Structure formats: structure tokens, C-alpha cells
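Survey of secondary and tertiary structure
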Amino acid sequence: MADVGVSGGRPGRSPLTLAILTAIGVALIAVFLSLGVWQLQRRVWKLHLIATVEARLKAPPISAPSVASAADAYTPVTAEGRFRNDGETYVQAVTERGPGFWVLTPLITPRFTVLVNRGFVPAEKRADHNRPAGLVRVTGLIRVTEPGGAFLRSNDPVADRWYSRDVAAIAGAKRLGPVAPYFIDADATPNPGGYPVGGLTVVAFRNSHLSYALTWFALAILTLMGMVILWRRGRE
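So, here's what we can say about the structure. Everything numeric here is computed off the predicted structure, so don't read it as measured data. (Residues numbered from 1 in each chain as written. Predicted model: local features only at pLDDT ≥ 70, side-chain atom pairs only at ≥ 80, totals over all residues. Heavy atoms only, no water.)

We now examine a nonpolar patch on the surface. A contiguous nonpolar surface patch, about 440 Å² in accessible area, is contributed by Leu 16, Ile 20, Leu 21, Ile 24 and Leu 28. When you line up the elements, Leu 28 lands in helix H1 (residues 15-57). (Patch = residues over 30% accessible without salt bridge, like charges linked within 9 Å, V, L, I, M, F, W, Y side chains within 5 Å. Areas by Shrake-Rupley, 256 points an atom, 1.4 Å probe, with all protein chains shown as cover. Salt bridge = Lys/Arg side-chain N within 4 Å of Asp/Glu carboxyl O. Helix = DSSP H or I, 4+ residues; strand = E, 2+ residues; numbered from the N terminus.)

Rendered as C-alpha cells:
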């Protein structure tokens, strides 16, 4: 009596299972491609931003406006007025000179009040640094307000403890009244006595969008390869 052969191969997937897995694969490919294209668009935007800011930094300073937005960030400006030293605020900072504080002082101009980041002081110079009493002229860059605080550390206006340069919160805590919705980072013009040290603005924009885009496109290709393998095995 002859032996009956038995196939050792695995049964193929049902048409319904293949259809469901194919639908999921197509959806994933569409998502990955969309994210890749979005990152390329973000890259174009970031390159334009970098070029705009670089050109802006080379431009001569203009008179400081009473109102500015994020679109005006890093615009060189000048302002004349008198510092209100009793409204001075210290914001914790870590710079190329080490840990310490930014010294933010309200500048009273004929048209408005604006906070000026006069520069950096180490902890030992917090109470011992230059405080101009007369008319001053400040040159620096428009900076966007930094609401809330730093990572895992919130500003505490009641305790006068600050981790970010939050214009509105500082103005409210110091009872400054209406102030410009931005602050000025003072340039490197030396202050008598050496402190505060200005001109420490870091202008850097992270641009990893191309690598992100390539990652999403690679995932789309891998998903497509997985679908091809699935279809081939499904027909076996």
C-alpha cells in the first residue's frame, strides 16, 4: 500500500487577513510619506529663517519699537532712556562664562518701557555690578519673551525666583505697568567695572529636518518591502 504524502508547508493567509494587512500597510506608507514631505517643508522654512536672521544681524540697528513679535526676533535696535534700577530682576542662567544670572532692568524711554537684558553676572557679582543712574543709550537685539520658566522649573514671582525671561510676569511682579512685549539683549559694549557682561546672545537654529525626512521615507520603503513579502507568502 503506497504512503500518502503530507505537505509540511504552512497554510497561506486567508484573503480577508491579507486585505486587512494590506490596508494597514498602505495607511502606514501614506503616513510615513506625509511625515517625510512635511519635514522637507519644515527644512525649507528653517533654511529661510536662518538666512533671514543672518541678514538681519548684519543690518544697522533701528529705533526700538513699542511692539514686536516673534517675526522681529534678533532685529538690532537702539533705545534711549533711564534704567529703573529698583525694578532689576535676576534670571538664572548658564553661559560660556559659567552659571550665574541675567540682569534684566526696565528702561524708561520717552514713549514706552522695555526690559533690557543688560548681560551676565556670576553669583558673587549679583549685588555688586554697574547700575547707570543717568541717561543711557542701549544697543542690542529684540528677543521674544520666555513665558513659564525652564525645563522642570517654573518661575516663582512671589519668591522672586526666575528661570526664564518672562516679560509679562516680571513686569507684573515688579509693578512696572505696561511694558513692551519683548526684551532687548544688550550688545557687548563694556560696562564700567566689567559687569554685567553683554553680547552673549546665542543665535543657533537646530536643523535636523533632512535626517528626519529620510527616516520617514526609509520607514515607508521598509513597510512596502514587508507588504511585498506578505503578498508572496500569501500566495504560496
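Our focus in this paragraph is the side chain of His 209. Mapped onto the elements, His 209 comes out in helix H3 (residues 209-234). Look past the residues within four positions of His 209 in its chain and what remains in contact with it is Gln 39, Arg 42, Arg 43 and Lys 46. (Contact = heavy atoms within 4.5 Å.)

Below, the discussion takes up the packing of aromatic side chains. Scanning the entire structure with this criterion turns up 4 aromatic pairs. Aromatic pair Tyr 74 and Phe 205: ring centres 6.1 Å apart, planes at 80°, arrangement edge-to-face. Taken together, the residues span a long stretch of sequence, with Tyr 74 in the loop between strand E1 (62-63) and strand E2 (76-83) and Phe 205 in the loop between strand E9 (182-186) and H3 at a distance of 131 residues. Tyr 74 gets classed as buried once you look at its relative accessible area, which sits at 12%. Geometry around Phe 83 places Arg 118 over its ring, the cationic atom sitting 5.1 Å from the centre. Above the plane of the ring of Phe 101 lies Arg 126, whose end atom (NZ or CZ) is 4.8 Å from the centre. (Phe/Tyr/Trp six-rings, centres within 6.5 Å; stacked < 30°, edge-to-face > 60°. Buried < 20%, exposed > 50% of the residue type's maximum accessible area, 1.4 Å probe, protein only. Lys NZ or Arg CZ within 6 Å of the ring centre and 35° of its normal.)

Okay, the nonpolar core next. Judged by nonpolar contacts, the single largest core of 16 residues is most densely connected at Ala 64, Leu 107, Val 114, Val 116, Val 138, Tyr 182 and Ile 184. Those elements that provide at least two residues to this core are E2, strand E5 (113-121), strand E6 (135-144) and E9. Counting 14 residues, the second largest nonpolar core, distinct from the first, contains Trp 102, Phe 120, Phe 183 and Val 197. (Core = buried A, V, L, I, M, F, W, Y, C linked by side-chain atoms within 4.5 Å.)

Summarising the sheet, E2 and E6 pair through 7 bridges and their orientation is antiparallel. Its bridge partner lying in E6, Glu 80 is registered against Arg 137. (Pairing = 2+ DSSP bridges.)

Coordinates in, geometry out; function isn't part of it.
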